[in-house]
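Results of the structural survey
Spelled out from the first residue to the last, the chains are:
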Amino acid sequence: MPVQFQASLFDSADEPTLGPVAAGLERHELPRGAWVDLRPRWVDGADDLFAHLHDNVAWRADEREMYERVVAVPRLLAWFGERSIWPHPLLERAREDLGDHYEGELGERFSTAGLCLYRDGRDSVAWHGDRIGRSRTQDTMVAILSLGSPRRLALRPRGGGESLSFALGSGDLLVMGGSCQRTWEHAIPKTAKPVGPRISVQFRPRGVL
Ligand SMILES: O=C(O)CCC(=O)C(=O)O
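Quick caveat: nothing in here was measured; it's all calculated off a predicted structure. (Residues numbered from 1 in each chain as written. Predicted model: local features only at pLDDT ≥ 70, side-chain atom pairs only at ≥ 80, totals over all residues. Heavy atoms only, no water.)

**A closer look at the overall build of the protein chain**
Counted only if it meets this: Secondary structure is summarised from DSSP: a helix means a run of H or I of at least four residues, a strand means a run of E of at least two, and numbering begins at the N terminus for each. Three exposure classes are used, based on accessible area relative to the maximum for each residue type with a 1.4 Å probe and protein chains only: buried under 20%, partly exposed in between, and exposed over 50%. The Shrake-Rupley method, run with a 1.4 Å probe sphere, supplies the accessible areas, and residue values consider only the shown protein chains as cover.
What the protein chain contains, in helices and strands, is three helices and 14 strands. Taking the principal axes of its C-alpha atoms as reference, the protein chain extends roughly 45 × 40 × 35 Å. Burial analysis of the protein chain (209 residues in total) assigns 53% to the buried set. As displayed, the protein chain offers around 10500 Å² of accessible surface, 50% of which is attributable to carbon and sulfur atoms.

Laid out in structure tokens, this is it:
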């Protein structure tokens, strides 16, 4: 698959590197006990990391049933657990740095990484909360590293209400915390704009899916 996206203007490093999680981190409190932390440009050299993951991850195409038809899930997927060989050492470093920063508040460390490849603006994920496993009943955190083309991550209160969105650029970190997976839903909406591919890396604690 050829990689076609506009490399970030800020992206200067040869090897991808992580900045401190806390530097420039801003918390957005949401109603109902949810919050979103945003840390722009956490990864320097994010475009190289994007290209490495794009070319080296064994991406999986899933299908699901919809209205009695089997349809393709509109994005490609991969998943790495504690015993997996991770596709780039920086992702393991990122998991550990997130653990160092959030463990006091979360009460545990991050464990797994789910990866999604959005090939263009037609790829998307519909409104949902990560509510399989413990996150159905407990507060937790899901930390997302966004790589490649910019996309918007939209959020809306579960059950209805006004939505908001965060523009995610290459190397940005967004963390959903508190009750966010139970009381809010999030989505990556389709866009008719000519956007290139994006990879999302979602770090989750053990037992949260
Ligand atoms: O692409 C993203 O950043 C969000 C992905 C997501 O919500 C999910 O896979 O559950």
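**Concerning helix H1 (residues 46-56)**
Test applied: Arc definition: directions from the helix axis to the C-beta atoms. Two residues form a contact once any of their heavy atoms are found within 4.5 Å.
Taken as a whole, H1 has its buried residues at Ala 46, Asp 47, Leu 49, Phe 50, Leu 53 and His 54. One side of H1 holds all its buried residues, which, seen down the axis, span an arc of 155 degrees. Close packing links the buried residues of H1 with strand S4 (43-44), helix H2 (89-106), strand S7 (112-118), strand S9 (142-148) and strand S14 (198-204).

**Considerations on the site of the ligand**
Under the convention used in this document: Only heavy atoms are used to decide nearness, and a residue is near a molecule or strand if one of them lies within 4 Å of it. As used in this structure description, the phrase polar contact means that two N or O atoms lie within 3.5 Å; if the pair is within protein, one of them must be able to donate a hydrogen and the other to accept it, and residues adjacent in sequence are counted only when both atoms belong to side chains. Cavities and pockets were defined on a 1 Å grid built over protein atoms only: a cavity is a set of grid points that admits a 1.4 Å probe from which the probe cannot escape, a pocket is an open set flanked by protein on both sides within 12 Å along at least five of seven lines, and lining residues are those with an atom within 4 Å of any such point. A pocket or cavity is taken to hold a molecule when more than half of that molecule's atoms are within 2 Å of the pocket's grid points. Side-chain classes follow a simple rule in which Ala, Val, Leu, Ile, Met, Phe, Trp, Tyr, Cys and Pro form the nonpolar group, Asp, Glu, Lys and Arg form the charged group, and the remainder, Gly included, forms the polar group.
Lining the immediate environment of the ligand, one finds 13 residues, of which Tyr 118, His 128, His 186, Arg 198 and Ser 200 sit closest. At a separation of 2.8 Å, an oxygen atom of the ligand approaches a polar side-chain atom of His 186. Between the ligand and Gln 202, the relevant distance is 3.4 Å, taken from an oxygen atom to a side-chain nitrogen or oxygen of the residue. The site holding the ligand turns out to be the largest pocket. Every element with two or more residues in the shell around the ligand is listed here: S7, strand S13 (184-188) and S14. The biggest single contributor to the shell around the ligand is S14, with four residues. Split into classes, the residues belonging to the shell around the ligand amount to five nonpolar, four polar and four charged.

**Here we look at the nonpolar core**
To keep things clear, this is the line we draw: Here, nonpolar core refers to any group of buried Ala, Val, Leu, Ile, Met, Phe, Trp, Tyr and Cys residues whose side-chain atoms link them within 4.5 Å.
Leu 53, Leu 115, Leu 145, Leu 147, Val 201 and Phe 203 are the most contacted members of the largest nonpolar core, which has 34 residues in total. Contributions of two or more residues to this core are made by H1, strand S6 (69-80), H2, S7, S9, strand S12 (173-178) and S14. One finds Cys 116, Tyr 118, Ile 144 and Leu 174 within the second-largest nonpolar core, a separate group that totals 19 residues.

**Comments concerning the layout of surface pockets**
For the record, the criterion: Grid points are joined across faces, edges and corners, and a volume is the space filled by probe spheres set on the points.
Quantified by volume, the largest pocket comes out at close to 610 Å³. Surrounding the largest pocket, 27 residues form its lining, Arg 75, His 128, Asp 130, Gln 202 and Arg 204 being those nearest its centre. At the level of secondary structure, the elements contributing two or more residues to the lining of the largest pocket comprise strand S5 (60-66), S6, S7, strand S8 (125-128), S13 and S14. Per element, the largest residue contribution to the lining of the largest pocket is five residues, and it comes from S6.

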